[in-house]
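Below, each chain spelled out in residue letters.
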Amino acid sequence: MSEKPWDGRFQEGTDKAVEVFTSSIFVDKRLYKHDIIGSIAHCRMLAKQGIIREDEADTMVRGLEKIKSDIESGCFEYKDSLEDIHMHIESALTHDLGEVAKKLHTARSRNDQVALDIRMYLKEVSLDVIQALTELQKILVGLAQTYQDRVMAGYTHLQRAQPVLLSHHLMAYYEMFKRDKERFEDGLKRIDVMPLGSAALAGTTYPIDRHDTARQLGFSKVSANSMDSVSDRDFIIEFLSAASICMMHFSRLSEELILWSSSEFGFIVISDAFTTGSSIMPQKKNPDIPELVRGKTGRVYGNLMAALTLMKSLPMAYNRDMQEDKPPLFDTVDTLVACLDIYIRMMPNITFNEKKMASATETGFINATDLADYLASRGLPFRDAHSVVGRAVAFALDRKKELHDLSLDELKEFSPLIKDDVFAYLTTQGIIDRRMSYGGTASPCVRDAISAALKELNLDG
Ligand code: ARG
């Protein structure tokens, strides 16, 4: 007789190739802990409800704990013939305990069991991700404090646009990661729903207490519809989507770090310990970490697409297709966690070249908007001011000069409104200091943003 719990109606054994093809054990074995903790709670509930005896529950709980330590000490054998982690654990329990273990699967099915395991796993992972994002935010705020009043060129279209504070630029990423964290936190509300007891799809005839199982496992809600509970994976898709958006932010930060560490920009130096060399070009020091993070963003997007496509048009309730939810999920978790971890290590190892960043504000007509504002504040409608300054820029470009290199007389040719106070108006510091609008780059605004962030991170005490 074969070892499979479902072999009763079969006259022939399963073909080896089918076992290999249908098995997910080498992927889902990472759910062992959640599976065992879930089974223990289920077992306790069955006993409380008088569905099994207390002593039977005690025996099974001890047996399950032993399997957990067997797995953790590496003396547990995995094989394709037992399909998945749920069957492995049940079969090991039966092997260890005999008859009594066969009661564990009363009033449940692997369909609700796997949904429970993934939800338990994702609750844990979401909290880890949220914590890592908080770490990263702390590092960003710390850098913003260190470089609080340092100026740099701000870009649009990757062309010098207006000067900003480096701290303002860094705090932009603080905001992005803050929203990412909120997305994971919000997703947790929908992950934190206990599906066990939905059984195969229709619920069960046993007098179970699903709320007790939920309480034991620390779930705040119990799922309301058994068919939905075993057949939806939207909570996974939400996680993959939050992860994709987070990686999109990471890829933007990465792109900037790559550009900034080039000789063309020279804005930052990533320490030797966090860069790598070239096997052919001895002078090279490459920003491989941000490059890989930028690259890994692609596979995280791919995993989201895989999960969405997997679930598209699936009829209710459980379908075996859904076993394919785990490879993309685990790959995204591993990738995101690895990217967070390496960035938390690398970011404090970046040195900003303050001089180089500041000097980028001295050229590229970065003060052109402010000359237009100057004219507008002296009565010229902004559109006219814009065109006056456009002509001044063309004039200066012709002479290979910046606006502030033109003489007062030259500037006056473009508008009689220009007076000798214009030069003070056009300094980088002046430009930044005037951007006092809420959320702007003026130093007091950024200081407020940093204080708000420190408060959010509970670092203000
Ligand atoms: N390994 C399966 C999965 O991940 C568990 C559920 C199996 N259910 C079934 N009826 N074959 O989806």
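A brief look at the structure comes next.

Conventions used here
- Residues numbered from 1 in each chain as written.
- Predicted model: local features only at pLDDT ≥ 70, side-chain atom pairs only at ≥ 80, totals over all residues.
- Heavy atoms only, no water.
- Patch = residues over 30% accessible without salt bridge, like charges linked within 9 Å, V, L, I, M, F, W, Y side chains within 5 Å.
- Areas by Shrake-Rupley, 256 points an atom, 1.4 Å probe, with all protein chains shown as cover.
- Salt bridge = Lys/Arg side-chain N within 4 Å of Asp/Glu carboxyl O.
- Helix = DSSP H or I, 4+ residues; strand = E, 2+ residues; numbered from the N terminus.
- Near = heavy atom within 4 Å.
- Polar contact = N/O pair within 3.5 Å; in protein donor to acceptor, adjacent residues only side chain to side chain.
- Nonpolar A, V, L, I, M, F, W, Y, C, P; charged D, E, K, R; others polar.
- Contact = heavy atoms within 4.5 Å.
- 1 Å grid on protein atoms, 1.4 Å probe; cavity = no way out; pocket = protein on both sides within 12 Å on 5 of 7 lines; lining within 4 Å.
- Points joined across faces, edges and corners; volume = space filled by probe spheres on them.
- Expected span 1.5 Å × (residues − 1).
- Buried < 20%, exposed > 50% of the residue type's maximum accessible area, 1.4 Å probe, protein only.
- Core = buried A, V, L, I, M, F, W, Y, C linked by side-chain atoms within 4.5 Å.
- Axes fitted to C-alpha atoms, helices over the stretch in contact; angles between N-to-C directions.
- Parallel < 35°, antiparallel > 145°, perpendicular 65-115°, else oblique.
- Left-handed = near helix turned anticlockwise from the far one by under 90°.
- Pairing = 2+ DSSP bridges.
- Phe/Tyr/Trp six-rings, centres within 6.5 Å; stacked < 30°, edge-to-face > 60°.
- Lys NZ or Arg CZ within 6 Å of the ring centre and 35° of its normal.

1. Things to note about a nonpolar patch on the surface
On the surface, L201, M227 and M316 cluster together to form a nonpolar patch covering roughly 270 Å² of accessible area. When you line up the elements, M227 lands in helix α9 (residues 226–231).

2. Some points on the site of the ligand
In the vicinity of the ligand, the contacting residues are S24, D84, H86, R110, N111, V114, Y318, Q323 and K326. Within the contact set of the ligand, a nitrogen atom lies 2.8 Å away from a side-chain nitrogen or oxygen of D84. A distance of 2.8 Å is found between a nitrogen atom of the ligand and a side-chain nitrogen or oxygen belonging to Q323. Computed on the free molecule, the ligand has an accessible area of 340 Å², of which 87% lies beneath the protein chains in the complex. When residues of the shell around the ligand are assigned to their parent elements, the largest contribution, three residues, is made by helix α6 (residues 110–146). In the shell around the ligand, the residues fall into two nonpolar, four polar and three charged.

3. Topic: the environment of I344
As for its placement among the helices and strands, I344 is situated in helix α12 (residues 326–346). Residues I344 and T106, spaced 238 residues apart in sequence, show a C-alpha to C-alpha distance of 46 Å. Contacts of I344, omitting those with residues within four sequence positions, involve A132, E135, L136 and I139.

4. So, empty space enclosed by the protein
Scanning all chains against the criterion turns up one cavity of 30 Å³ or more. There is about 40 Å³ of room inside the largest cavity. Taken together, H169, L170, Y173, L253, E256, L257, W260, M347 and F352 form the lining of the largest cavity. Breaking the lining of the largest cavity down by element, the ones donating at least two residues are α7 (166–191) and α10 (234–260). Among the elements that make up the lining of the largest cavity, the one with the highest residue count is α10 (four residues). Grouping the amino acids of the lining of the largest cavity by side-chain chemistry returns seven nonpolar, one polar and one charged.

5. Here we look at helix α3 (residues 32–48)
The first and last C-alpha atoms of α3 sit 24 Å apart over 17 residues, in line with the 24 Å expected at 1.5 Å per residue. Burial within α3 is extensive, with 13 of its 17 residues counted as buried. Phi turns positive one or two residues past the end of α3, at G50, with a value near 75°.

6. Digging into the layout of surface pockets
Roughly 460 Å³ of volume is contained in the largest pocket. Secondary structure elements with two or more residues in the lining of the largest pocket: β1 (151–156), β2 (159–165), α7 and α10. Sort the elements by how many residues they give to the lining of the largest pocket and α7 lands first, with five residues. Partitioning the lining of the largest pocket into residue classes produces ten nonpolar, six polar and three charged. Counted as a void, the second largest pocket has a volume near 350 Å³. No other element matches helix α19 (residues 443–456), which puts eight residues into the lining of the second largest pocket. Looking at the lining of the second largest pocket, its residues break down into eleven nonpolar, four polar and four charged.

7. Regarding the nonpolar core
Core analysis: the biggest nonpolar cluster contains 104 residues, and F184, L329, Y343, M347 and F352 have the highest contact counts within it. The leading source of residues in this core is α6, at 15 residues. Among all residues touching F352, those that are not within four sequence positions of it are L143, Y147, L166, L170, W260, F267, I268 and M357. Judged by nonpolar contacts, the second largest core, of 20 residues, contains L375, L403, L406 and L426.

8. Side note on unusual backbone geometry
For the bond from M316 to A317, the omega torsion is 0°, close enough to zero to count as cis. Notably, L158 is not glycine yet its phi reads approximately 60°, a positive angle. By relative accessible area, which is 52% here, L158 ends up exposed. Not every positive phi belongs to a glycine, and S313 is a case in point at roughly 65°. With respect to the secondary-structure elements, S313 resides in the loop between α11 (288–311) and α12. Relative accessible area serves as the criterion here: at 60%, S313 is assigned to the exposed category.

9. A look at the packing of α11 against α12
For the pair α11 and α12, the least separation of the axes is 9 Å and the interaxial angle reads 155°. Here α11 lies roughly antiparallel to α12, going by the angle between them. For α11 against α12, the interelement crossing comes out left-handed. Residues I289, P290, V293, K296, R299, V300, N303 and A306 of α11 touch α12, and the partners they reach there are P328, D331, T332, T335, C339, I342, Y343 and M346. By residue class, the composition of the contact of α11 with α12 is ten nonpolar, three polar and three charged.

10. Remarks on the pairing of β2
Across six bridges, the pairing between β1 and β2 is antiparallel. Among the inter-strand pairings, G154 is bridged to a residue of β2, identified as Q162. Taking the residues that link successive antiparallel strands as the turn, the β1-β2 hairpin has two residues, and the phi of H157 there is positive, at about 55°.

11. Quick notes on the side chain of T335
Following the sequence through the fold, T335 ends up in helix α12. Of the polar contacts made by the side chain of T335, one reaches the backbone oxygen of D331; its length is 2.6 Å. T335 has contacts with K296, R299 and V300, leaving out every residue within four places of it along the chain.

12. Observations regarding the packing of aromatic side chains
The final tally for this structure, using the stated rule, is eleven aromatic pairs. Here the aromatic rings of Y155 and F265 are separated by 5.8 Å at their centres, their planes lie at 55°, and the arrangement is tilted. Separated by 110 residues along the polypeptide, Y155 in strand β1 and F265 in the loop between α10 and β5 (268–270) bring together distant segments of the chain. What makes Y155 partly exposed here is its relative accessible area of 25%. Overall, the relative accessible area of 15% leaves F265 in the buried class. Of the aromatic side chains, those joined through ring pairs into one cluster are Y155, W260, F265 and F267. Across from the ring centre of F235, 3.9 Å away, lies the NZ or CZ of R119, which sits over that ring. Positioned above the aromatic ring of Y425, the side-chain terminus of R434 is 3.4 Å from the ring centre.

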